[in-house]
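Fold and contact review
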Amino acid sequence: MINLRQETIQLKTFTLELASRLFRPHTQHWNMIIIGTLRMIRTCLVMVILSSLFVGGILVVVFQHHISFFRADSILGAFASSALLREVGPLLVGFLLSGQCGAYVASEIATMKATDQLDTLSSLGLSDMDLVIVPRFVSIFMATTFSLMLSLAGGIVGAYLVAASLYDMSIYFFFSKFQWLIQWSSLWSGFYKCFAFGSAIAFISCYTSYTAEKSVQGVSTAVQKTAIRNMMALIILDTFTTHTFRGLMFVLKYFGVLS
Amino acid sequence: MTGRWRFSRLLLEQLYLHGIRGLWVVLLAAIFTGQVIIAEYAYHIRYIMHELTFVPPFATSMILTQFGPLLACMLMVSLSGAAIASETGLMRSTEQWDALKLEHISLWSFYIWPRIVACTCICIALTLLNMAGQIVSFVAISPWELGLSWAKVIDTLFDMCSLSDLIQGLCKGAFFGFSYSSIAIFIGAQPGHSSADVGKRSTQAVVLGIFAIIVEDFLLSYIFIHLFN
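Parameters and conventions
- Residue numbering note: each chain is counted from 1, following its sequence as written.
- All chains are assigned letters beginning with A, and all ligands numbers beginning with 1, in the order in which they are written.
- At least 70 in pLDDT is required for a residue's local features to be given in this predicted model, at least 80 for side-chain atom pairs to be given and counted, and no such filter applies to totals for whole chains, interfaces and linings, which use all residues.
- In computing side-chain properties, one takes all heavy atoms of the structure into account and sets aside hydrogens as well as water.
- Whether two residues are in contact is decided by their heavy atoms, any of which lying within 4.5 Å being enough.
- The term buried area refers to how much accessible surface (probe radius 1.4 Å) is lost by two components on association, counted for both of them together.
- For salt bridges, the criterion is a side-chain nitrogen of Lys or Arg within 4 Å of an Asp or Glu carboxyl oxygen.
- N or O atoms within 3.5 Å of each other form a polar contact, as long as, within protein, one can give a hydrogen and the other can take it, and as long as residues adjacent in sequence are counted only when both atoms are side-chain atoms.
- Only DSSP runs of H or I covering at least 4 residues are called helices, and only runs of E covering at least 2 are called strands; the numbering of each starts at the N terminus.
- Any residue that is not Ala, Val, Leu, Ile, Met, Phe, Trp, Tyr, Cys, Pro, Asp, Glu, Lys or Arg is counted as polar, Gly included; the first ten are nonpolar and the last four charged.
- Axis definition: a line fit to C-alpha positions, over the contact stretch in the case of helices; interaxial angles, taken between N-to-C directions, run 0 to 180 degrees.
- For classification purposes, angles smaller than 35 degrees are called roughly parallel, those larger than 145 roughly antiparallel, those between 65 and 115 roughly perpendicular, and all remaining angles oblique.
- For any pair of crossing helices, the crossing counts as left-handed if the nearer helix is rotated counterclockwise from the farther one by less than a right angle, and right-handed if it is rotated clockwise.
- Multiplying 1.5 Å by the helix residue count minus one yields the expected span of that helix.
- Here the term buried applies to any residue with accessible area under 20% of the maximum for its type, exposed to any over 50%, and partly exposed to those in between, with areas from a 1.4 Å probe on protein chains only.
- Nonpolar side chains (Val, Leu, Ile, Met, Phe, Trp, Tyr) within 5 Å and like charges within 9 Å form the patches, drawn only from residues with over 30% relative accessible area and no salt bridge.
- Per-residue and other accessible areas were derived by the Shrake-Rupley procedure at a 1.4 Å probe size, with only the shown protein chains allowed to occlude residues.
- Confidence of the predictor at the level of single residues is given by pLDDT, which spans 0 to 100.

Examining the interface of chain A and chain B
Taken together, the contact between chain A and chain B spans 59 residues of the former and 54 residues of the latter. Of the roughly 5000 Å² buried between chain A and chain B on both sides combined, carbon and sulfur atoms contribute 78%. Put simply, chain A and chain B have two salt bridges between them. Glu145 of chain B is the partner of Arg246 of chain A in a salt bridge, and the nearest nitrogen-oxygen pair spans 2.3 Å. Our count for the contact surface shared by chain A and chain B stands at seven residue pairs in polar contact (both at pLDDT 80 or more). Top contributing element to the side of chain A that touches chain B by residue count: helix H9 (residues 216-254) of chain A, with 17 residues. Within the side of chain A that touches chain B, the residues separate by chemical class into 35 nonpolar, 19 polar and five charged.

As structure tokens, then:
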């Protein structure tokens, strides 16, 4: 009970402090943010591309089996790509990124805490929040959102490669039903999820590592906590974003903004 | 204590440690993912076939062969994969492994196999739990989501599934559990002594574990579909 109370207070303090500093002009930190973002993208790029290719491949293999019951092979490409854009792509690659970017930064910040580097900044009159947390928060957010969006494209390429190599599908046949099944809303739904997952991974990674214990054990605990909290957050957010996006589409259609 | 008894005790310890941890996490995740699966399937089937009675059997088949093992084991990677990697790393850096070797205690039977066997068994059990949780979750909301009665949904639930789908899912769970625990121990056992190394090892174990699961899922899906159909 005491832990829950302490955790709530810590969470509230951290959120307010982060929010207050996030929207202040930190022109001197832009170079740190850009370098951090590029470094993170470079770290996870290969894994993201490879895993998104395989995720696209999984969907094609499984949907081909399902669609073959109805002899509707022409919709395979559009069906797999739509599922990838709307749901599976952001979720599965988000899991990978929660480990790659989230736990990576968590271990970095928790190590800085364990080796008293954050205290040294405070003793020099510098703000650890401004110099360490805010730049990393923005970097993870930008890197994960970009990587997730990239994974959507990678997934479609992977789906096509598997469809072409395993089921002899031509590029025209694969993309023939795209316009019919994939609407702009599917793409926006995917982007909305990328944005939400990026924010969640950035926040949880920074919060968990910033509140970690100052010890070697604390570093490993912070990494484990970050990984599992990120995954649970992605699963809960996935449900939340699916329902909120559907609600938003309903409202837009109701008011005649969308046909 | 004989070797077999000691192994059984260590195995039970690991089963309890990692299994209890994963139980509630997987169950909670199953409740949420079940709802998303039905919502997304309803969107696509409504568009393609204009007939929502196909949604429950399609979704059940997908859960048994794909989402059941995949999500349960990915969650276990971050729960027990990271823990095993950091535990192994700490044991290695504090020279506990060397002490065991000096005492002529086999690392394989004392440390490595109990963890790998426990993770494999836990993944099979949690895959089953995740499948059940997801199916219950989507059946519970289907009257609102699909406009079908519970009786109708339950009646059509297993129309497109067979026992082979369940076996496929459980086999995948076993493969995933074996691979992520082996990767976690291998990465944890790499040399390195600082606190930064422990964090890096846990991160690497999570990332490579998830990547291995995605690649294995692709290969196993292809093999099983051709094997069972």
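So much for the structure itself; the text now carries on.
Details of the environment of Leu97 of chain A
Residue and element names in this part refer to chain A. As for its position among the elements, Leu97 is in helix H3 (residues 76-114). Taking the C-alpha atoms as reference points, Leu97 and Phe197, 100 residues apart in sequence, are found 9.7 Å from one another. Those residues within four positions of Leu97 in sequence are excluded, and the remaining contacts are Cys44, Val48, Gly102, Thr144, Ser147, Leu148 and Ile201.

Considerations on the packing of H3 of chain A against H9 of chain A
Residue and element names in this part refer to chain A. Two elements in contact, H3 and H9, have axes separated by 8 Å at closest approach and are oriented at 150°. Taken as axis vectors, H3 and H9 run roughly antiparallel relative to one another. H9 is crossed by H3, and the crossing has right-handed handedness. Note on element contacts: H9 touches H3 through Val219, Ala222, Val223, Thr226, Ala227, Asn230, Met231, Leu234, Ile235, Asp238 and Thr242, opposite Glu87, Leu91, Gly94, Phe95, Ser98, Gly102, Ala103, Ala106, Ser107, Ala110, Thr111 and Ala114. Tallied by class, residues from the contact of H3 with H9 come to 13 nonpolar, eight polar and two charged.

As for helix H8 (residues 184-210) of chain A
In this model, H8 of chain A (27 residues) spans 39 Å end to end at C-alpha, consistent with the 39 Å of a helix rising 1.5 Å per residue. Among the 27 residues in H8 of chain A, 19 count as buried, and that is most of the element.

Re the environment of Ile201 of chain A
All names here are of chain A. Note that Ile201 resides in helix H8. Once the C-alpha coordinates of Ile201 and Leu234 are considered, the two residues, 33 residues apart in sequence, prove to be 8.1 Å apart. Setting aside residues up to four positions removed in sequence, Ile201 forms contacts with Gly94, Leu97, Ser98, Gly102, Ile140, Thr144, Asn230 and Leu234.

Remarks on the packing of H3 of chain A against helix H5 (residues 128-167) of chain A
Think of two packed helices as two axes; the pair is described by the angle between the axes and how far apart they sit. Residue and element names in this part refer to chain A. Remark: H3 packs on H5, axes separated minimally by 8 Å, with the N-to-C direction vectors making an angle of 150°. Classified by the angle their axes make, H3 and H5 are roughly antiparallel. Relative to H5, H3 is oriented so that their crossing is right-handed. Of the residues that constitute the contact of H3 with H5, the class distribution is 15 nonpolar, seven polar and two charged.

Concerning the side chain of Ser147 of chain A
Residue and element names in this part refer to chain A. Relative to the helices and strands, Ser147 resides in helix H5. Taking relative accessible area as the criterion, Ser147 reaches 2% and is therefore assigned buried. Residue contacts for Ser147: discarding those within four places in its chain leaves Cys44, Val48 and Leu97.

What to know about a nonpolar patch on the surface
Taken together, the side chains of Phe250, Val251, Tyr254, Phe255, Val257 and Leu258 of chain A present a nonpolar region at the surface, about 700 Å² in accessible area. Among the secondary structure elements, Phe255 of chain A is positioned in the segment after H9.

A few points about the pattern of salt bridges
All chains considered together, the criterion is met by 14 salt bridges over all chains. Between Lys214 of chain A and Asp116 of chain A there is a salt bridge whose closest N-O contact spans 3.7 Å. Taken together, the positions of Lys214 of chain A in the loop between H8 and H9 and Asp116 of chain A in the loop between H3 and helix H4 (117-123) put the pair 98 residues apart, joining distant regions of the chain. Of the residues examined, Lys214 of chain A reaches a relative accessible area of 46% and is grouped as partly exposed. The residue Glu87 of chain B makes a salt bridge to Arg115 of chain B at a minimum N-O spacing of 3.1 Å. With Glu87 of chain B in helix H2 (residues 55-93) and Arg115 of chain B in helix H4 (residues 107-146), this pair connects stretches of sequence that are 28 residues apart. Judged by relative accessible area, Glu87 of chain B falls into the partly exposed class, the value being 29%. Put simply, Glu17, Arg21 and Asp130 of chain A are held in one network by salt bridges that share partners.

Brief notes about the environment of Arg246 of chain A
With respect to the helices and strands, Arg246 of chain A occurs in helix H9. Placed 61 residues apart in sequence, Arg246 of chain A and Ser185 of chain A show a C-alpha to C-alpha distance of 9.5 Å. Apart from the residues lying within four places of it in its own chain, the contact partners of Arg246 of chain A are Ala39 and Glu145 of chain B. Among the polar contacts made by the side chain of Arg246 of chain A, one reaches the side chain of Glu145 of chain B at a distance of 2.3 Å.

Focus on the confidence of the model for chain B
A low pLDDT score tells you not to read the predicted coordinates there in detail. Looking at chain B as a whole, its pLDDT mean stands at 87, while 97% of the residues score no less than 70. Per-residue pLDDT, averaged within each element of chain B, yields its smallest value for helix H3 (residues 96-102) of chain B (82) and its largest for helix H6 (residues 163-188) of chain B (93).

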